[in-house]
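Each chain, letter by letter, is given below.
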Amino acid sequence: MSWHLITEQQRFKELLTGWASAKTLALDTEFMRVNTFNPQIALLQLNVNQKVYLIDPLAIDTVALGLGELLANPHSLKIVHACSEDIEVLFYKYPQARMSNIFDTQIGFAFLGYGLQVGYQKALKECLDIDISKAETRSDWLARPLTSEQLQYAVSDVEYLPALYDFVVARLREKDLLAYCQEDSLLMLKEGAPVPYLKTLYQQFSNAWQFDRRQLLLLKNLAMWREASARLHDIPRAFVLKNHTLLAMVQKRPYTLAQLSRIEDLHPRTYQKHGPMLLEMIKAARHQPIEQCPPLLPLPLPKSAKSLFDLLRQKTDQIAQQHHIPADVLLRKRWLDALVLGYIDEGDNFTLPLALQGWRYEILTKPLLEILASQAQQLLKWRQYRHRLDDSVEPVFN
């Protein structure tokens, strides 16, 4: 298959006009995210009408010339494989023209029973008997000039995507699962690359429920400061404070610079530059009126809740067999956790995870909600336990 490296503005502009009418585009990206907060796109590969184009965004202003608008065109199908990181890269690069209408062949393979994380190389070998090398996966894609090995690797990432798409779609049609797979592919765009809300970042720490209210205030402020610093200087969060370092500061709340210096993995540069400010943050949280601190976070469910999760998974397995859908595709652990905790905390009017609002709602979500409703009294007790409430609380379940 012929391929072309595009490094000239005028040539790219001419090609872009022709690509606008293409019905399908096979797409992949190469990017780096080692020393930066935001991903740095280094190469974008397109397979258009059986020709591969390697677009160099370091040489071409792809934003000004409208590559984002090409990818946002709802009338062309973008074929991808394992696209979650590509979505983040492209959403960041083209924030005003977000990619639309995708089909992820990895999701297709999951529906066909190959597992949730089938890599492109394995998919090609098992289904099309094609071998490709992945030796350049971790190479420096921002270096120029790109090596011949890098270029050939980049070509192979989209060269066979249309054939892989045809293979997957044909078998999904046979199983009457194509529409479900298409919807799940589009779900990737809805869920992709969310910008976290600064004031609730602290709630994402899994052990934060162990902290008292003043510790939660410190955790909240440290998490916000770290996020803002990382974004401002375009460096990874861990370059500011590693998670375990941040949590150790909340747990130990040092009084002096000497105590602060002994916090595990606190970078000397962070200590030297921000040490006094960090101590002031710790001091302010220590003396904050308790009513001005965040409320305690909910406790984890007791071990006895395992029986409920087992019951819900058994029902999921039955539905999966009935509809010939792999159970791990039908219901992910994070969706199940969100469903149970949301129902316990807020009752049956809580907002469902996006994945449980679509095609899954009638065949899966409603039966699971019926099971939860049948356990109303037990769930009320767990709600009171999680939120440290007494028996006077009115039930929130119908």
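Residues numbered from 1 in each chain as written. Predicted model: local features only at pLDDT ≥ 70, side-chain atom pairs only at ≥ 80, totals over all residues. Heavy atoms only, no water.

Novice: Help me get a handle on the pattern of salt bridges, residues and values and all.
Specialist: Once their charged atoms are close, side chains differing in charge can pair, the charge on each being opposite to the other. With the rule as written, the count across this model stands at 15 salt bridges. Put simply, E227 and R231 hold a salt bridge, and the shortest N to O gap is 3.2 Å. Separated by 4 residues within a single helix, E227 and R231 lie in helix α10 (residues 213-233), roughly one turn from each other. Since its relative accessible area comes to 31%, R231 is described here as partly exposed. Salt-bridge contacts for R386 lead to D345; the nearest nitrogen and oxygen are separated by 2.7 Å. Of the two residues, R386 is situated in helix α19 (residues 376-386) and D345 in helix α17 (residues 333-346); the sequence distance between them amounts to 41 residues. Three or more residues joined by partner-sharing salt bridges are found here, namely K125, D129 and D131. (Salt bridge = Lys/Arg side-chain N within 4 Å of Asp/Glu carboxyl O. Helix = DSSP H or I, 4+ residues; strand = E, 2+ residues; numbered from the N terminus. Buried < 20%, exposed > 50% of the residue type's maximum accessible area, 1.4 Å probe, protein only.)

Novice: Any chance you could break down the side chain of Q106 for me, citing the residues and the numbers?
Specialist: Following the sequence through the fold, Q106 ends up in helix α5 (residues 105-111). At a separation of 3.0 Å, a polar atom in the side chain of Q106 contacts the main-chain carbonyl oxygen of V118. Contact partners of Q106, with chain neighbours within four places excluded, come to H81, A82, L116, Q117 and V118. (Polar contact = N/O pair within 3.5 Å; in protein donor to acceptor, adjacent residues only side chain to side chain. Contact = heavy atoms within 4.5 Å.)

Novice: I'd like a rundown of the packing of aromatic side chains, residues and numbers included.
Specialist: The final tally for this structure, using the stated rule, is 9 aromatic pairs. Consider the rings of F109 and F167, whose centres lie 6.2 Å apart with planes at 15°: the pair is stacked. A residue pair is termed long-range when its members are at least 10 positions apart, and F109 in helix α5 and F167 in helix α8 (residues 161-174) qualify at 58 residues. The two residues F109 and F167 agree in class, both being buried. Centroid distance W141 to Y153: 5.6 Å. Interplanar angle 40°. Geometry classified as tilted. One end of the pair, W141, is in the loop between α6 (120-128) and α7 (148-159); the other, Y153, is in helix α7, and 12 residues separate them in sequence. Relative accessible area serves as the criterion here: at 6%, Y153 is assigned to the buried category. Within the aromatic cluster, the residues linked to one another by ring pairs are F12, W19 and Y53. Over the ring of F167 we find R171; its NZ or CZ atom is 3.7 Å from the centre of that ring. The side chain of R286 reaches across the aromatic face of Y255, ending 3.8 Å from its centre. (Phe/Tyr/Trp six-rings, centres within 6.5 Å; stacked < 30°, edge-to-face > 60°. Lys NZ or Arg CZ within 6 Å of the ring centre and 35° of its normal.)

Novice: Please provide a residue-by-residue account of the nonpolar core, values included.
Specialist: The nonpolar side chains of soluble globular proteins are, as a tendency, buried together. In terms of nonpolar packing, the biggest core is built from 69 residues, with F103, F111 and L172 touching the most fellow members. For this core, the leading source of residues is α8, giving 7 residues. Look past the residues within four positions of F111 in its chain and what remains in contact with it is L172, L177, Y180, C181, D184, I325, P326, V329 and W359. (Core = buried A, V, L, I, M, F, W, Y, C linked by side-chain atoms within 4.5 Å.)

Novice: How would you sum up unusual backbone geometry? Please name residues and give values.
Specialist: In this model, R144 is joined to P145 through a cis peptide bond whose omega is 5°. Mapped onto the elements, P145 comes out in the loop between α6 and α7. The backbone phi angle of Q50 is positive, close to 65°, even though this residue is not glycine. Relative to the helices and strands, Q50 resides in the loop between β3 (40-48) and β4 (51-55). In the Ramachandran plot, R388 falls in the positive-phi region, its phi being about 55° despite a non-glycine side chain. Mapped onto the fold, R388 is located in the segment after α19. Look at R388 and you get partly exposed, because its relative accessible area is 37%.

Novice: Account for α7, naming residues and giving values.
Specialist: Here α7 spans 16 Å end to end across 12 residues, near enough to the 16 Å set by a 1.5 Å rise per residue. For α7, the tally of buried residues reaches 9 of 12 residues, placing the bulk of the element in the interior. Of all the residues in α7, the buried ones are Q150, L151, Y153, A154, V155, S156, D157, V158 and E159. On its buried face, α7 is in contact with β1 (3-6), β2 (24-32), β3, β4, α6 and α8. (Expected span 1.5 Å × (residues − 1).)

Novice: Before we move on, could you go through the environment of D86 and cite the residues and values that matter?
Specialist: Assignment of secondary structure puts D86 in helix α4 (residues 84-93). Residue D86 is classed as buried on the basis of its relative accessible area of 5%. Between the C-alpha atoms of D86 and I235, which are 149 residues apart in sequence, the distance is 19 Å.

Novice: So, helix α9 (residues 178-191): which residues are in play, and what are the values?
Specialist: For α9, which comprises 14 residues, the first-to-last C-alpha distance of 20 Å matches the rise-based estimate of 20 Å (1.5 Å per residue) to within 8%. Restricting attention to buried positions, one finds in α9 the residues L178, C181, D184, S185, L187 and L189. Buried residues belonging to α9 abut α4, β6 (102-104), α5, α8 and α18 (360-374). Following α9 by one or two positions, A193 adopts a phi angle in the positive range, close to 50°.

By themselves, these figures tell us nothing about what the structure is for.
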